[in-house]
Amino acid sequence: MSMNDERSRVEQWMLAIVSDGGVDRFDDLHIDQINPRWGDKNCWIEGGVEAFRTALSVRNQHRLPFTVCLAFSLVATDQPCGIDFQTREDLFAKLDWSPPSLYLFDRGKEPDKQIAPTEGAVQVLDPAICGAQGDDRCYYLEFKPQHDDEFRRSVWVEG
């Protein structure tokens, strides 16, 4: 698969959700839908960051007023546990069954700004832990949805 194919898939998704309300519905794009080889869990971190870079480029090319986010879903827990990983290898071991996804958010409505302190925790991470760059924001998010027994956990990269 070529970089042009990957870019085309990201661009089609992005322009579609911008025009049809998908941004407000939180329509995402799993990285294995961009490139089938990224369906291999061993490729999730690097593939996710590559997809994120492509999405930033597409957003900038089209001058879209949105924040691009990449979400890594972690294994849920029955108790809050906070950041329980220190290295990329540790993070990899905490990934759940779902490949990372790209999202677009209205500026100021990114996931870390949507969680009230009483609902969950947001903790800033070093972007290098997931292969992101220093100018990317990276954070850990943990919350317990109403009517759910488990705490949802994720790592987000945004730019």
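Residues numbered from 1 in each chain as written. Predicted model: local features only at pLDDT ≥ 70, side-chain atom pairs only at ≥ 80, totals over all residues. Heavy atoms only, no water.

1. A look at the overall build of the chain
- From N to C terminus, the chain includes 5 helices and 6 strands.
- Counted from the first residue to the last, the chain has its helices and strands arranged as α-α-β-α-β-α-β-α-β-β-β.
- In terms of overall dimensions, the chain has a C-alpha envelope of 45 × 30 × 30 Å along the principal axes.
- Pairs at least 24 residues apart make up 67% of the contacts formed inside the chain by residues separated by at least 6 positions.
- Accessible surface computed for the chain: about 8,200 Å², of which carbon and sulfur atoms make up 49%.
- Once the 17 positive and 28 negative side-chain charges of the chain are each reduced to a mean point, those two points are 4 Å apart. (Helix = DSSP H or I, 4+ residues; strand = E, 2+ residues; numbered from the N terminus. Contact = heavy atoms within 4.5 Å. Areas by Shrake-Rupley, 256 points an atom, 1.4 Å probe, with all protein chains shown as cover. Lys, Arg positive; Asp, Glu negative; His and termini not counted. Charge placed at Lys NZ, Arg CZ, Asp CG, Glu CD.)

2. Describing the state of the cysteines
- Evaluated as defined, the whole model comprises 0 disulfides.
- No disulfide involves Cys43; its sulfur sits 16 Å from that of Cys130, the nearest cysteine.
- Of the cysteine sulfurs around Cys69, a residue in no disulfide, the closest is that of Cys138, at 11 Å. (Disulfide = S-S within 2.5 Å.)

3. Here's the deal with the pairing of strand β6 (residues 151–158)
- Most of β6 sits out of view: 7 of its 8 residues are buried.
- As paired elements, strand β2 (residues 66–77) and β6 share 7 bridges and run antiparallel to each other. Within β6, the position partnered with Cys69 by the bridge is Glu158.
- Strand direction decides the pairing type here: strand β5 (residues 137–143) and β6, joined by 7 bridges, are antiparallel. In the strand pairing of β6, Leu141 is matched with Ser154. (Buried < 20%, exposed > 50% of the residue type's maximum accessible area, 1.4 Å probe, protein only. Pairing = 2+ DSSP bridges.)

4. So, the side chain of Ser101
- Summarising the element assignment, Ser101 is placed in strand β3 (residues 101–106).
- On the basis of relative accessibility, which here comes to 4%, the residue Ser101 falls in the buried class.
- At 2.9 Å, the side chain of Ser101 and the side chain of Asp28 are in polar contact.
- What Ser101 contacts, discounting residues up to four positions off in sequence, is Asp28, Leu29, His30, Cys69, Leu70 and Ala71. (Polar contact = N/O pair within 3.5 Å; in protein donor to acceptor, adjacent residues only side chain to side chain.)

5. Considering the nonpolar core
- Ranked by size, the top nonpolar core spans 36 residues in total, and within it Met14, Leu102 and Val155 carry the most contacts.
- Contributions of two or more residues to this core are made by α1 (3–20), α3 (44–61), β2, β3, β5 and β6.
- Among the elements that take part in this core, α3 stands out by supplying 8 residues, more than any other.
- Sequence-distant contacts of Val155, that is, excluding residues within four places in its chain, are made with Leu70, Ala71, Phe72, Leu74, Phe85, Leu91, Leu125, Cys138, Tyr139 and Tyr140.
- One finds Cys69, Tyr103, Ile115 and Tyr139 within the second-largest nonpolar core, a separate group that totals 8 residues. (Core = buried A, V, L, I, M, F, W, Y, C linked by side-chain atoms within 4.5 Å.)

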